[in-house]
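# Examination of the molecular architecture
Listed below, chain by chain, are the residues.
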Amino acid sequence: MEAQEVEVLRNLLAEVRQMLSGRADDTPADELSVLTGIRTGPTTRPQDRVLARLLPDFTTEDADLAAGLRQLHEPALIEAKDAAAAAVLATLPADGGKIELTPEQADAWLAALNDVRLALGTALDVSEDMPDELPPDDPRAAHLGVYHWLTFVQDALVQTRMQIR
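The following refers to the structure shown. (Residues numbered from 1 in each chain as written. Predicted model: local features only at pLDDT ≥ 70, side-chain atom pairs only at ≥ 80, totals over all residues. Heavy atoms only, no water.)

### Looking at helix α6 (residues 141–164)
- The terminal C-alpha atoms of α6 lie 35 Å apart, and with 24 residues this matches the ideal 34 Å at 1.5 Å per residue to within 8%.
- For α6, every residue scored as buried is listed here: Leu 144, Tyr 147, Trp 149, Leu 150, Val 153, Gln 154, Leu 157 and Arg 161. (Helix = DSSP H or I, 4+ residues; strand = E, 2+ residues; numbered from the N terminus. Expected span 1.5 Å × (residues − 1). Buried < 20%, exposed > 50% of the residue type's maximum accessible area, 1.4 Å probe, protein only.)

Put into structure tokens, the structure is as follows:
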């Protein structure tokens, strides 16, 4: 990876981690959680659409069930996403260069890249109908190139992981 690619990825990962951390910090105090030591999260879907894409409902069939599942599982989901991002940051060369990963590190990369792509794609309103390039006056145009680059990196990593298994 080139140095500027490393910097872009570091910044995107930092933004995702900051959003997830903010969500975790906004969790209301729960007396049962304090008594039992079981971590709980909020029962409601995030209002921010990017964060809602990263932390989707666990079910849509029953609102009460969805709230309960979110409350029980969202903290672990945030923790897993943060750990994947941290693993990528730990394996990124400071000034760019060759990256060699263990299978476990590659899996963490895949998870973190997926989260970054989901967040960026949601912010850019990426859809199947969107053209590969946007007009230069579209404020999303520059960021769409980053989205495509992330897609390339993720695809290359998937292809490599498939060869190793």
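There is more to say after this.
### Quick word on the layout of surface pockets
- Counted as a void, the largest pocket has a volume near 360 Å³.
- In terms of lining, the largest pocket is formed by 19 residues, of which the most central are Ile 99, Leu 101, Trp 109, Val 153 and Leu 157.
- At the level of secondary structure, the elements contributing two or more residues to the lining of the largest pocket comprise α5 (103–123) and α6.
- Ranked by residue count, the leading element in the lining of the largest pocket is α6, at 8 residues.
- What the second largest pocket holds in volume is close to 300 Å³.
- Around the second largest pocket, the lining is made up of 14 residues, and of these Leu 12, Glu 15, Leu 120, Ala 123 and His 143 lie nearest the centre.
- Elements represented by at least two residues in the lining of the second largest pocket include exactly α1 (3–25), α5 and α6.
- The leading source of residues in the lining of the second largest pocket is α1, at 6 residues.
- The residue makeup of the lining of the second largest pocket, split by class, is 11 nonpolar, 2 polar and 1 charged. (1 Å grid on protein atoms, 1.4 Å probe; cavity = no way out; pocket = protein on both sides within 12 Å on 5 of 7 lines; lining within 4 Å. Points joined across faces, edges and corners; volume = space filled by probe spheres on them. Nonpolar A, V, L, I, M, F, W, Y, C, P; charged D, E, K, R; others polar.)

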